[in-house]
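Reading the structure
Below are the chains, spelled out letter by letter.
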Amino acid sequence: MALEAGSSGCGGSGWGGGFRSLMRRKQVDSDRVRAEGQPQLAKELNVPALVAIGVGSTVGAGVYVLVGTVAREHAGPALTISFLIAGIAAALSAFCYAELASRCPSAGSAYHYSYICVGEGVAWLIGWALVLEYTIGGSAVARGISPNLALFFGGPDSLPWILARHQLPWFDIIVDPCAAALVFVVTILLCVGIKESSFAQGVVTVLNACVMIFVIVAGSYIGFQIGWVGYKVSDGYFPYGVNGMLAGSATVFFAYIGFDTVASTAEEVKNPQRDLPLGIGVALAICCALYMAVSIVIVGLVPYFAMDPDTPISSAFAKHGMQWAMYIVTSGAVLALCSTLMGSLLPQPRILMAMARDGLLPSFFSDVNKQTQVPVKSTIVTGICAAALAFAMDVSQLAGMVSVGTLLAFTIVAVSILILRYVPPDEVPLPPSMRESFHLNQECDEEKDRDLLGDGNHNTSQTKDVIVVVESMKDPLIDKRQHKGKMDETKRRKIAAFSIGSVCVGVLILTSSASVTWLPFLPICIGCTIGVLLLLAGLGVLSWIDQDDGRHSFGHSGGFTCPFVPVLPVMCILINTYLLINLGGDTWMRVGIWLLMGVLVYIFYGRTHSSLTDVVYVPVAQADEIYRSSSEYVS
């Protein structure tokens, strides 16, 4: 029976039970699951609000610096193409996010998707990594506001004493009260309500976009006057070659990470099937257009080798007699940082809430305020932690850890798309409230069988007649065909699963071999060859076999569908894994310590408190029948 199989599959103790707990998957959080009494977030967001959140979280102050750094060191005048390629690479992940967000519109983003498609162990690590990403990201952004803000008061050290940075006399620590104060202000705003906070972020984002439009329009006017001297350099359009332009793409790729914030607000969207894909797509398109337009103008005003790596835009205007433009550009940087700070602190309480709902964290984090309909307790904890880091620690050296969480999430979302299309979950956990209905269904089926065949008090000849009639109704050809179809489907799922594994292993071997430059040429060549063969073999089989019909009924239907599967998700996995491996040993050492802490928390708390600890798994079709019969019984 499915009940017995499900129970034994999730229980147990020791190493076997521990491994099974890593693989257990939860059901898509649909309306019928939410009806069990979990507190709801306010559905207040529409497409304009989602676009404001996406653009505000993505367009940070980095663009005001990246233009000069990447042009000088990597791309030269080809910086615009670097931004375009990075935008296309980010769009691969955006397509995957758009489908999963519309099918599984619940808080948690990549954590939620991986819990449904991959398993509890991977989902926990993704959620744990995202917590680190948003905490450090928010602290780093807050820490960068005060130096830019000080320029309006006359210089780097001109802020009022209460907001200025100070070095503690007995410790080698430079505290930043301004950063901590800004974090607290944003935290209070987020506690007021999602509608109010998204409106505030929208206003700040529009002002930042106006500054960037000023840079584009005023810079174009100067460029046509001086003849675009930056494009007339003797080195040509690709001074560092195509490899330099691609290296620039890898650098500016991180200027696009932020649209996943939109996916984290899925539960608060009025029409998630339509609005979430539109919000993600439009936000990414606007960011790419702004980046490319700014880079076209600034690279044309000043030759790439003469750019100021720290203040490329304001210094470009200053060289042409527009020193006053520095204040407008600095205003844009401050606005961009404030908007990014909101985007960094918004998703983390929702991820904590989703993990607490699943029992992996204490229920304290899942509380939703009845008045504001936001997770106020999680938001306050997030704000206190981010403010403490921003106040007492220079987290710029930890900025690489932010990229690890994002790239891990991007990679696992692409893997989840492959799983959804080829091997979607064919069993779902049955909530405790539905188990009585399950037993009632079983008893009804047994009673029907007894009525059909009769009990021991009936005439034996009548029972034999009924059995003969029932047996005669069975067609052996139909039974054989159904059995063969079931065997074929099982075989297809196994082949698909092995192919997805082959793709992932091949990508890991290929990117690792290509990145280890200190090895001799022959081992690198062998590793790359093995990785390419595994990757192409898995991709070829996935392209050849049929996708699972179960994907049509997975989660909420009628939303966005990711195109070019399996090629697009595989390309996404390849790009993100390559960037992950090349983040550096120091970054991975720090992240490894954090992930190890997460493993310990999961072992001693999450594994035993999970809502799936004693869950019963039943086939999807049987679960639908149980829900249907339960609703009929209630009505």
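Here, every reference points to the structure presented above.
Here's what I pulled together on the structure shown here. (Residues numbered from 1 in each chain as written. Predicted model: local features only at pLDDT ≥ 70, side-chain atom pairs only at ≥ 80, totals over all residues. Heavy atoms only, no water.)

1. Focus on the overall build of the chain
Definition in use: The helix count covers DSSP runs of H or I at least four residues long, the strand count covers runs of E at least two residues long, and both are numbered beginning at the N terminus. Residue burial is assigned from relative accessible area. The probe radius is 1.4 Å, only protein chains are included, and a residue is buried under 20% of its type maximum, exposed over 50%, and partly exposed in between. The contact rule is simple, with two residues in contact once any of their heavy atoms fall within 4.5 Å. Note that accessible areas follow from Shrake-Rupley with a 1.4 Å probe, and for residues the cover is restricted to the protein chains shown.
Assigned secondary structure in the chain consists of 26 helices and four strands. Within the span of the chain, comprising 635 residues, buried residues form 51% of the whole. When contacts within the chain are restricted to residue pairs at least 6 apart in sequence, those whose partners lie at least 24 apart make up 85%. In the form shown here, the chain has an accessible surface area of approximately 28800 Å², with 67% of it arising from carbon and sulfur atoms.

2. Quick notes on helix α7 (residues 110–117)
Where burial is concerned, most of α7 is hidden: eight out of the eight residues are buried. Those residues of α7 not exposed but buried are Ala110, Tyr111, His112, Tyr113, Ser114, Tyr115, Ile116 and Cys117. In this structure, the buried residues of α7 make contact with α6 (79–103), α8 (120–143), α13 (260–264), α17 (347–357) and α19 (399–422). Once α7 finishes, Gly119 follows within two positions and takes phi at roughly 155 degrees, a positive value.

3. So, the nonpolar core
Generally speaking, a soluble globular protein has its nonpolar side chains buried in company with each other. Quick note on the threshold: As used in this record, nonpolar core signifies buried Ala, Val, Leu, Ile, Met, Phe, Trp, Tyr and Cys residues forming a set joined through side-chain atoms within 4.5 Å.
With 164 residues, the main nonpolar core has Tyr64, Tyr97, Phe253 and Ile298 as its most contacted residues. With 15 residues, α19 is the largest single contributor of residues to this core.

4. Concerning the packing of helix α4 (residues 47–58) against helix α14 (residues 272–301)
Two quantities define a packed helix pair, namely the angle between the helix axes and the distance between the axes. Stated formally: For helices, the fitted axis covers only the stretch in contact; all axes are lines through C-alpha atoms, and the angles between them, taken along N-to-C directions, range from 0 to 180 degrees. In what follows, roughly perpendicular refers to angles from 65 to 115 degrees, roughly parallel to angles under 35, roughly antiparallel to angles over 145, and oblique to any angle outside these ranges. Should the near helix be turned counterclockwise from the far one by less than a right angle, the crossing is left-handed, whereas a clockwise turn marks it as right-handed. Under the convention adopted here, Pro, Cys and the residues Ala, Val, Leu, Ile, Met, Phe, Trp and Tyr are nonpolar, Asp, Glu, Lys and Arg are charged, and Gly plus all remaining residues are polar.
It is at 8 Å that the axes of α4 and α14 come closest, and there the two elements cross at 40 degrees. Judged by the inter-axis angle, α4 sits oblique to α14. The handedness of the crossing between α4 and α14 comes out as right-handed. Contacts between α4 and α14 involve Val47, Leu50, Val51, Gly54, Val55 and Thr58 on the former and, on the latter, Asp275, Leu276, Leu278, Gly279, Val282, Ala283, Ile286, Cys287 and Tyr291. Partitioning the contact of α4 with α14 into residue classes produces 11 nonpolar, three polar and one charged.

5. Comments concerning the packing of helix α5 (residues 63–75) against helix α12 (residues 241–252)
Packing of α5 against α12 leaves a shortest axis separation of 9 Å and a crossing angle of 150 degrees. Taken together, the axis directions place α5 and α12 in an arrangement best described as roughly antiparallel. The two elements α5 and α12 meet at a crossing, and its hand is right-handed. Contacts from Leu66, Val70, His74 and Ala75 of α5 reach α12 at Gly244, Met245, Ala247, Gly248, Thr251 and Val252. Taken together, the residues of the contact of α5 with α12 break down into six nonpolar, four polar and no charged.

6. Here we look at the side chain of Arg421
For Arg421, the location among the structural elements is in helix α19. The buried category is assigned to Arg421, whose relative accessible area is 5%. The residues contacting Arg421, other than those within four sequence positions of it, are Glu99, Gln547, Asp548, Arg551, Thr561, Cys562 and Val565.

7. Brief notes about unusual backbone geometry
Omega for the bond connecting Val565 with Pro566 falls within 30 degrees of zero, at 15 degrees, which places this linkage in the cis form. Assignment of secondary structure puts Pro566 in the loop between α23 (521–544) and α24 (567–581). In the Ramachandran plot, Trp228 falls in the positive-phi region, its phi being about 50 degrees despite a non-glycine side chain. Mapping Trp228 onto the fold places it in the loop between α11 (194–226) and α12. Trp228 gets classed as buried once you look at its relative accessible area, which sits at 18%. Look at Gln373: it is not a glycine, yet its phi comes out positive at around 55 degrees.

8. Points about the environment of Asn148
Note on placement: Asn148 falls in helix α9 (residues 145–150). Residue Asn148 is classed as partly exposed on the basis of its relative accessible area of 22%. Separated by 179 residues in the primary sequence, Asn148 and Tyr327 have C-alpha atoms spaced 9.9 Å apart. Every residue in contact with Asn148, bar those within four places of it in the chain, is listed here: Thr330, Ala333, Val334 and Leu337.

9. What about empty space enclosed by the protein?
Spelled out, the test is: Any residue with an atom within 4 Å of a point lines the site, the site being either a cavity, points on a 1 Å grid over the protein atoms alone where a 1.4 Å probe fits but cannot get out, or a pocket, an open set with protein on both sides within 12 Å along at least 5 of 7 lines. Grid points are joined across faces, edges and corners, and a volume is the space filled by probe spheres set on the points.
Per the counting criterion, the structure on display carries one cavity of 30 Å³ or more. In this structure, the largest cavity encloses a volume near 40 Å³. What lines the largest cavity is simply Ile53, Leu190, Ile194, Ser197, Ser198, Gln201, Met342 and Leu346. For the lining of the largest cavity, the leading source of residues is α11, giving four residues. Class assignment of the residues belonging to the lining of the largest cavity gives a composition of five nonpolar, three polar and no charged.

10. Details of the packing of aromatic side chains
Note the following rule: Here a pair means two rings of Phe, Tyr or Trp (six-membered ring of Trp) with centres within 6.5 Å. Their orientation is stacked below 30 degrees between planes, edge-to-face above 60, and tilted elsewhere.
Taken as a whole, this structure holds 22 aromatic pairs when the rule is applied. Residues Trp128 and Trp594 carry aromatic rings whose centres are separated by 4.6 Å and whose planes lie at 15 degrees to one another, so their mutual orientation is stacked. With Trp128 in helix α8 and Trp594 in helix α25 (residues 585–609), the pair connects residues that are 466 residues apart, well separated along the chain. Note on Trp128: relative accessible area 11%, which makes it buried. Through a chain of ring-to-ring contacts, three or more aromatic side chains come together here, namely Tyr97, Tyr113, Phe253, Phe254, Phe259 and Phe410.

11. Comments concerning the pattern of salt bridges
Where charged atoms of side chains with opposite charge meet at close range, the side chains can pair. The condition is simple: The salt bridge definition used is simple: a Lys or Arg side-chain nitrogen within 4 Å of an Asp or Glu carboxyl oxygen.
This structure, assessed with the given rule, holds 13 salt bridges. Of the charged contacts, one joins Arg24 and Glu120 as a salt bridge, the two residues approaching to 3.0 Å between their closest N and O atoms. With Arg24 in the loop between α2 (14–23) and α3 (31–34) and Glu120 in helix α8, this pair connects stretches of sequence that are 96 residues apart. Here Arg24 and Glu120 have matching classes, each one buried. Arg165 is paired through a salt bridge with Asp176; the nearest N and O atoms lie 2.9 Å apart. Here Arg165 is found in the loop between α9 and β1 (166–167), whereas its partner Asp176 is found in the loop between β2 (174–175) and α10 (177–192), with 11 residues between them in sequence. Given the relative accessible area of 37%, Arg165 is considered partly exposed. Asp176 gets classed as buried once you look at its relative accessible area, which sits at 0%.

12. Points about the state of the cysteines
For the record, the criterion: Note on terminology: pairs of cysteine sulfur atoms within 2.5 Å are recorded as disulfides.
If you walk through the whole model with that rule in mind, you get zero disulfides. With no disulfide of its own, Cys104 has Cys117 as its nearest cysteine by sulfur position, at a separation of 6.1 Å. The cysteine Cys338 is free of any disulfide, with Cys178 supplying the nearest cysteine sulfur at 8.7 Å.

13. Overview of the environment of Tyr237
Relative to the assigned elements, Tyr237 resides in the loop between α11 and α12. In this structure Tyr237 touches Ala75, Pro77, Ala78, Thr80, Ile81 and Tyr231, once residues within four positions along its chain are discounted.

14. Brief notes about the environment of Ser158
Among the secondary structure elements, Ser158 is positioned in the loop between α9 and β1. The class of Ser158 is partly exposed, set by a relative accessible area of 29%. With 11 residues separating them in the primary sequence, Ser158 and Pro147 have C-alpha atoms 9.3 Å apart. Apart from residues lying up to four places away in sequence, Ser158 is in contact with Ala150 and Phe153.

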